[in-house]
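# Fold and contact review
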Amino acid sequence: MALLRISNPFKRANVVSSEVTEEAVAAVDDGNVVQINDIVRVEPGPKLKRDIATKELLANAITAKHYQFGQPDAMGNIIVEGEPMTYLAWGGDETGREVTYYVYLLVNGSWAQMATYDDRAAAIIYAQSLKGFN
Amino acid sequence: MPVLGDRVLDLGLTVLDTEATHFYLNSSEPATFTAASSTNKLGTKDFGAGGCFGSPAAGSPNGRKVTSNTFTDGTVDSSGTATHVSSTDTTNSRLLLTASLSSSQAVTSGNTWGISTGFDARIPNQ
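Anyway, here's the lowdown on the structure attached to this text. These figures come from a predicted structure and were not determined experimentally.

Calculation rules
Residues numbered from 1 in each chain as written. Chains lettered and ligands numbered in written order. Predicted model: local features only at pLDDT ≥ 70, side-chain atom pairs only at ≥ 80, totals over all residues. Heavy atoms only, no water. Helix = DSSP H or I, 4+ residues; strand = E, 2+ residues; numbered from the N terminus. Buried < 20%, exposed > 50% of the residue type's maximum accessible area, 1.4 Å probe, protein only. Contact = heavy atoms within 4.5 Å. Areas by Shrake-Rupley, 256 points an atom, 1.4 Å probe, with all protein chains shown as cover. Core = buried A, V, L, I, M, F, W, Y, C linked by side-chain atoms within 4.5 Å. Pairing = 2+ DSSP bridges. Axes fitted to C-alpha atoms, helices over the stretch in contact; angles between N-to-C directions. Buried area = accessible area lost by both parts, 1.4 Å probe. Salt bridge = Lys/Arg side-chain N within 4 Å of Asp/Glu carboxyl O. Nonpolar A, V, L, I, M, F, W, Y, C, P; charged D, E, K, R; others polar. Phe/Tyr/Trp six-rings, centres within 6.5 Å; stacked < 30°, edge-to-face > 60°.

Counting its regular elements, chain A contains 2 helices and 7 strands. Listing every helix and strand of chain A by position from the N terminus yields α-β-β-β-β-β-β-β-α. A buried classification covers 42% of the 134 residues belonging to chain A. Of the contacts formed within chain A by residues at least 6 apart in sequence, a portion of 63% connects residues at least 24 apart. Accessible surface computed for chain A: about 7400 Å², of which carbon and sulfur atoms make up 50%.

Right, here's the structure in full:
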């Protein structure tokens, strides 16, 4: 049984402190995965977005070229014009990558996504609050 | 717009050739190394560094490419519906590549999975 049940893994969690702790600063930061401790980590990645599939959205200016009508979206569902689709904001010909910070907790040997934050410091603060779940 | 020389492109593709260690079968498109290798993982193939892709070669219509190696003995770790495959440098906790499957595929824990035809990862030269 999982330690925590996550009803909405993409729901933004509350920030529990306004300051980054010394521990967070001291956490291993290799420029990609920030390993807070053995069971908590933060990792940057493209933001997961949901929108209506239109010719404009899929014209490669906003979304990556692999998102096209008839092809899978980020969840593996076939993209249909006028229907909702999910995509990762890798960037397009005219837009850059929209980075967000994913917070993970190790639960029964698997990393569960707990929250996402657009602000790295806020993500680390939240990650610090999860350290007691071991 | 400048045209990039082969060496510039090859230095990027060489990361796939020499640093990629794993292929993962995923239940959705992974945004991070953690998602690819754990959160969204359904299956695993551990080649070790240097085993996932071949050396850089001429791409079509331009640029350079590497081609994935094939295998049939990947392990399905969890049952679910596979939609994407990814490749990582697990030594350095880096997500290197994601790709969608041509069609979703239900998989069952304990079975095997593989890539029967190598796919190209290309960087255009302009």
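Residues A:Val42 and A:Val103 are the most contacted members of the largest nonpolar core, which totals 19 residues. At the level of secondary structure, the elements contributing two or more residues to this core comprise strand S2 (34-37), strand S3 (40-46), strand S6 (99-107), strand S7 (110-117) and helix H2 (120-129) of chain A. Not counting residues within four places of it along the chain, the set of residues in contact with A:Val42 comprises A:Asn32, A:Val33, A:Val34, A:Ile36, A:Tyr101, A:Tyr102, A:Val103, A:Ala123, A:Ile124 and A:Ala127. B:Leu16, B:Cys52, B:Phe53 and B:Ala121 belong to the second-largest nonpolar core, a separate cluster that totals 18 residues.

Residues and elements named next belong to chain B. Overall, antiparallel pairing links the 6 strands, which are arranged S7-S6-S1-S2-S5-S8 in an open sheet. Pairing within the sheet leaves two strands with one partner each, and these edge strands are strand S7 (94-107) and strand S8 (112-115). Here the average twist between neighbouring strands, direction ignored, is 30 degrees.

Attention now goes to the interface of chain A and chain B. How big an interface is tends to be expressed through the accessible area that disappears when the partners come together. Opposite the 22 residues of chain A that make contact, chain B presents 21 residues. For the pair chain A and chain B, the summed buried surface comes to about 1400 Å²; carbon and sulfur atoms form 50% of the total. Counting every contact that joins chain A to chain B gives 0 salt bridges. Secondary-structure elements contributing two or more residues to the side of chain A that touches chain B are S3, S6 and S7 of chain A. In terms of residue count, S3(A) provides more of the side of chain A that touches chain B than any other element does, 5 residues in total. Among the residues forming the side of chain A that touches chain B, the class breakdown is 12 nonpolar, 6 polar and 4 charged.

Residues and elements named next belong to chain B. Scanning the entire structure with this criterion turns up 10 aromatic pairs over all chains. Between Phe 53 and Phe 119 the ring centres are 6.1 Å apart and the planes differ by 90 degrees, which places this aromatic pair in the edge-to-face class. Placement of the pair is Phe 53 in the loop between strand S2 (41-46) and strand S3 (57-58) and Phe 119 in the loop between S8 and strand S9 (120-123), with a sequence separation of 66 residues. Given a relative accessible area of 1%, Phe 53 falls into the buried group. On the basis of relative accessibility, which here comes to 21%, the residue Phe 119 falls in the partly exposed class. Plain terms: the ring middles of Phe 71 and Trp 113 are 5.0 Å apart, the flat faces sit at 85 degrees to each other, and that makes the pair edge-to-face. Within this pair, whereas Phe 71 is found in strand S5 (residues 71-76), its partner Trp 113 is found in strand S8, the two being separated by 42 residues in sequence. The buried category is assigned to Phe 71, whose relative accessible area is 6%.

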